[in-house]
Amino acid sequence: MLTIAILGVGSRGATTYGDYLNTLKDKVKITAICDIDKNKLNYYQKKYHIDAKNCFDCSDDFFNAKKLADVLIIATLDQQHYEHAIKALELGYHLLLEKPISPSIEECVAIEKKAKEKNRYVVVCHVLRYTPFYRKIKDIIESKQLGQIIHIQSCENVGFWHQAHSFVRGNWQNSKQTAPMILAKCCHDMDLLNWLLNLSPLAVSSFGSLTYFTKSNAPKGSAKRCYDCQIRHQCPYDAVQYYVESNQKNQNIGWPYDVVVLEPTYEKLKKAIQEGPYGKCVFDCDNDVVDHQIVNIQYDHEVTASHTMCAFSKDCFRTMKIYGTRGDLEANTLTNQIVVHDFLTHQTTSIDASKLSDDLSGHMGGDHVMLNEFIALLNHQHTHLDSSIEKSVASHLICMAAESSRLQNGKVIFLDEYKKSILKSID
Ligand SMILES: NC(=O)c1ccc[n+]([C@@H]2O[C@H](COP(=O)([O-])OP(=O)(O)OC[C@H]3O[C@@H](n4cnc5c(N)ncnc54)[C@H](O)[C@@H]3O)[C@@H](O)[C@H]2O)c1
């Protein structure tokens with residue numbers, strides 16, 4: 001029986017991974033948890049039936065207790081991953097490590113080195129690689145029915161409410177405390193581009209900025225908190241409406257409401273919006289991450305890719321268009337459609353990706369597929385598990401080069417030189 005410890009029993013560590021693993025009782029056992037939030041710790045101790053001596057409210061105590069499982073899931077916040085991953089690798093844990101590996105590319109490379117030195121698996125949670133949707137696209141590319149791929153255009157529509165929740169009011173609002181947007185949100189997209197093209201990225205340039213969610217855009221009559229705002233009924237970002245009033249019947253119990261409070265109810269959400277960070281005016285937060293950014297990538301063999309991230313969409317979804325010499329492919333995660341046009345036969349084939357699996361929960365099914373393949377990997381079974389630390393560091397490198405380019409007004413960053421300078425700095 002594979003044993004698993006979880007560091008950070010929050011939205012990812014518990015709601016996504018722990019809760020699912022807890023249903024696989026014949027394969028895995030959760031033996032230890034750690035979280036600085038005692039309410040969560042108590043709640044999940046009971047839920048997962050964990051011995052009290054293996055529940056820790058401080059990561060130092062958790063690591064001092066030595067190795068308590070075969071695997072450690074690290075689902076703390078971005079800037080804590082490095083310290084937690086290095087300590088865990090020293091103790092001999094295999095790791096399931098949340099993305100981003102770390103906001104610092106030097107730390108990403110250092111974790112990769114440590115994993116090699118200790119001969120441990122470090123699988124990074126690039127869950128989109130595991131979705132039936134993107135796996136189908138990969139199969140189509142590999143079947144060569146599109147011919148040679150010349151360009152990929154990908155777009156991440158963040159969703160105006162998701163941007164406000166996570167990147168203006170929430171955990172990922174400030175790049176100095178967490179990671180720049182292009183890493184925090186789009187490392188999945190850079191990972192997908194590398195994986196789908198299976199080519200070396202050579203150079204990157206990027207533009208983007210935080211244009212809207214700034215103090216100078218606060219409208220007349222607005223207040224520091226939505227509850228005190230006279231014009232909140234005219235604001236699409238009104239937290240009272242989004243978190244509280246829409247929940248009169250206690251229907252909103254899942255994400256993102258369970259990020260605001262544990263086991264949300266109308267009363268608990270009301271209090272949190274009156275007092276906590278999610279009730280702040282979107283024009284008066286400590287946010288600095290961009291609300292739109294574009295990235296251009298030059299790959300080997302003159303193949304190009306472009307990625308757009310933008311906050312201002314009604315829904316939260318991704319699109320992709322793949323341009324091949326014999327056909328093109330259009331994909332949309334909102335409609336679950338993958339449409340292929342064949343230039344020779346003029347035939348159009350539509351694939352409804354929602355029919356590719358019975359379980360499309362959690363990142364279009366990717367969360368659970370990844371967990372199952374991770375378990376298979378550790379049980380020495382055949383698996384397609386592909387998001388190794390090496391590949392993830394390579395796609396993180398694109399993100400950090402893009403951020404560096406953006407901060408230098410779109411300067412072209414050559415990845416070879418960029419990587420060399422990073423390796424030099426950690427040697
Ligand atoms: N793979 C994905 O698609 C995906 C999606 C969302 C978030 N993430 C990543 O997952 C990680 C966790 O995000 P989340 O949404 O679960 O956040 P969260 O805030 O819900 O959970 C983080 C948990 O870590 C705990 N914590 C903080 N500091 C700690 C410490 N020093 N020791 C122990 N516990 C500590 C917090 O109390 C919290 O319970 C982040 O790195 C995030 O970027 C990945």
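The paragraphs below set out a description of the structure included in this document. (Residues numbered from 1 in each chain as written. Predicted model: local features only at pLDDT ≥ 70, side-chain atom pairs only at ≥ 80, totals over all residues. Heavy atoms only, no water.)

**Describing the overall build of the protein**
Then, in step 1: What the protein contains, in helices and strands, is 15 helices and 15 strands.
Then, in step 2: In terms of C-alpha radius of gyration, the protein reaches 22 Å, essentially the compact-globule figure of 22 Å for 427 residues.
Then, in step 3: Each principal axis of the C-alpha atoms in the protein carries an extent, and together these give about 60 × 60 × 50 Å.
Then, in step 4: In the protein, buried positions account for 54% of the 427 residues. (Helix = DSSP H or I, 4+ residues; strand = E, 2+ residues; numbered from the N terminus. Rg over C-alpha atoms; globule rule 2.2 N^0.38 Å. Buried < 20%, exposed > 50% of the residue type's maximum accessible area, 1.4 Å probe, protein only.)

**Observations regarding the state of the cysteines**
Then, in step 1: Scanning the model with the defined rule gives 0 disulfides in all.
Then, in step 2: Free of any disulfide, Cys-155 has its nearest neighbouring cysteine sulfur in Cys-310, separated by 7.5 Å. (Disulfide = S-S within 2.5 Å.)

**Observations concerning the site of the ligand**
Then, in step 1: Taken together, 28 residues surround the ligand, and among them Arg-12, Asp-35, Lys-40, Asp-78 and His-188 come closest.
Then, in step 2: At 3.1 Å, a side-chain N or O of Asn-171 approaches an oxygen atom of the ligand.
Then, in step 3: Trp-172 has a polar side-chain atom sitting 3.4 Å from an oxygen atom of the ligand.
Then, in step 4: Surface burial for the ligand is 88%, taken as the share of its 850 Å² of free accessible area covered by protein chains.
Then, in step 5: The set of elements that each furnish at least two residues to the shell around the ligand consists of helix H1 (11-21) and helix H4 (81-91).
Then, in step 6: In the shell around the ligand, the residues fall into 10 nonpolar, 11 polar and 7 charged. (Near = heavy atom within 4 Å. Polar contact = N/O pair within 3.5 Å; in protein donor to acceptor, adjacent residues only side chain to side chain. Areas by Shrake-Rupley, 256 points an atom, 1.4 Å probe, with all protein chains shown as cover. Nonpolar A, V, L, I, M, F, W, Y, C, P; charged D, E, K, R; others polar.)

**Concerning helix H13 (residues 366-378)**
Then, in step 1: Between the first and last C-alpha of H13 there are 18 Å, a value that for 13 residues agrees with the 18 Å anticipated at 1.5 Å per step.
Then, in step 2: Within H13 the residues assigned to the buried category are Gly-366, Asp-367, His-368, Met-370, Leu-371, Glu-373, Phe-374, Ile-375, Ala-376, Leu-377 and Leu-378.
Then, in step 3: Remark: His-380 follows H13 within two positions and exhibits a positive phi of approximately 60°. (Expected span 1.5 Å × (residues − 1).)

**A look at the sheet that holds strand E3 (residues 55-56)**
Then, in step 1: Within the open sheet, the 6 strands sit side by side as E3-E2-E1-E4-E5-E6. Their pairing is parallel. At either end of the open sheet lies a strand with only one pairing partner, and these are E3 and strand E6 (122-124).
Then, in step 2: Here strand E2 (residues 28-34) pairs with E3 via 2 bridges, running parallel. The residue of E3 that forms the bridge with Ile-33 is Cys-55. (Pairing = 2+ DSSP bridges.)

**Points about the packing of aromatic side chains**
Then, in step 1: All told, the structure shown has 19 aromatic pairs when counted by the stated rule.
Then, in step 2: Judged by centre distance (5.7 Å) and plane angle (80°), the rings of Phe-160 and Tyr-237 are edge-to-face. Note that Phe-160 is positioned in helix H7 (residues 160-168) and Tyr-237 in the loop between strand E8 (201-209) and helix H10 (239-244), a separation of 77 residues in sequence.
Then, in step 3: Relative accessible area serves as the criterion here: at 25%, Phe-160 is assigned to the partly exposed category.
Then, in step 4: A ring pair is formed by Tyr-212 and Phe-312, whose centres lie 5.8 Å apart and whose planes are at 85°; its orientation type is edge-to-face. In this pair, Tyr-212 sits in the loop between E8 and H10 while Phe-312 sits in the loop between strand E10 (304-310) and strand E11 (317-324), placing the two residues 100 residues apart along the sequence. (Phe/Tyr/Trp six-rings, centres within 6.5 Å; stacked < 30°, edge-to-face > 60°.)

**Regarding the packing of helix H6 (residues 132-142) against helix H9 (residues 187-197)**
Packed helices, taken two at a time, are described by the angle their axes make and the gap between the axes.
Then, in step 1: Taken N-terminus to C-terminus, the directions of H6 and H9 make an angle of 30°; their axes are 9 Å apart at the nearest point. With respect to their mutual orientation, H6 and H9 come out roughly parallel. Note on packing geometry: the crossing formed by H6 with H9 is right-handed. Taking contact as the criterion, the partners of Tyr-134, Arg-135, Ile-137, Lys-138 and Ile-141 in H6 are, on H9, Leu-192, Trp-195 and Leu-196.
Then, in step 2: Class assignment of the residues belonging to the contact of H6 with H9 gives a composition of 6 nonpolar, no polar and 2 charged. (Axes fitted to C-alpha atoms, helices over the stretch in contact; angles between N-to-C directions. Parallel < 35°, antiparallel > 145°, perpendicular 65-115°, else oblique. Left-handed = near helix turned anticlockwise from the far one by under 90°. Contact = heavy atoms within 4.5 Å.)

**What about helix H5 (residues 105-118)?**
Then, in step 1: Counted at 1.5 Å a residue, the expected span for H5 with its 14 residues is 20 Å, and the 20 Å between its end C-alpha atoms agrees.
Then, in step 2: Listed as buried for H5 are Ile-105, Cys-108, Val-109, Ala-110, Ile-111, Glu-112, Lys-114 and Ala-115.
Then, in step 3: Next to the buried residues of H5 lie H4, E6, helix H14 (389-407) and helix H15 (415-426).
Then, in step 4: One or two steps after H5, the chain reaches Asn-119, where phi turns positive at roughly 55°.

**Let's talk about the nonpolar core**
Then, in step 1: Of all hydrophobic cores here, the largest spans 80 residues; its most connected members are Phe-62, Leu-72 and Ile-137.
Then, in step 2: When near neighbours in sequence (up to four residues on either side) are disregarded, Leu-72 contacts Ala-5, Ile-6, Leu-7, Phe-62, Phe-63, Ala-88, Tyr-93, His-94, Leu-95 and Leu-96.
Then, in step 3: Counting 32 residues, the second largest nonpolar core, distinct from the first, contains Leu-2, Tyr-20, Leu-41 and Ala-75. (Core = buried A, V, L, I, M, F, W, Y, C linked by side-chain atoms within 4.5 Å.)

**Looking at the side chain of Thr-31**
Then, in step 1: Position of Thr-31 relative to the elements: it lies in strand E2.
Then, in step 2: A polar contact of 2.9 Å, which involves the side chain of Thr-31, links it to the backbone oxygen of Leu-68.
Then, in step 3: Ignoring sequence-local partners within four residues, the contact set of Thr-31 consists of Thr-3, Ile-4, Ile-50, Asn-54, Leu-68 and Ala-69.

**Brief notes about the sheet that holds E11**
Then, in step 1: Read across the sheet, 9 strands follow the order E14-E13-E12-E11-E7-E10-E9-E8-E15 without closing on themselves; strand pairing throughout is mixed. Edge positions in the sheet fall to strand E14 (348-352) and strand E15 (413-414), since each of these pairs with one other strand and no more.
Then, in step 2: Note that strand E12 (residues 327-332) and strand E13 (residues 337-342) share 6 bridges and pair antiparallel. Of the residues in E13, the one forming a bridge with Asn-332 is Gln-337.

The values reported here are purely geometric and, on their own, carry no functional implication.
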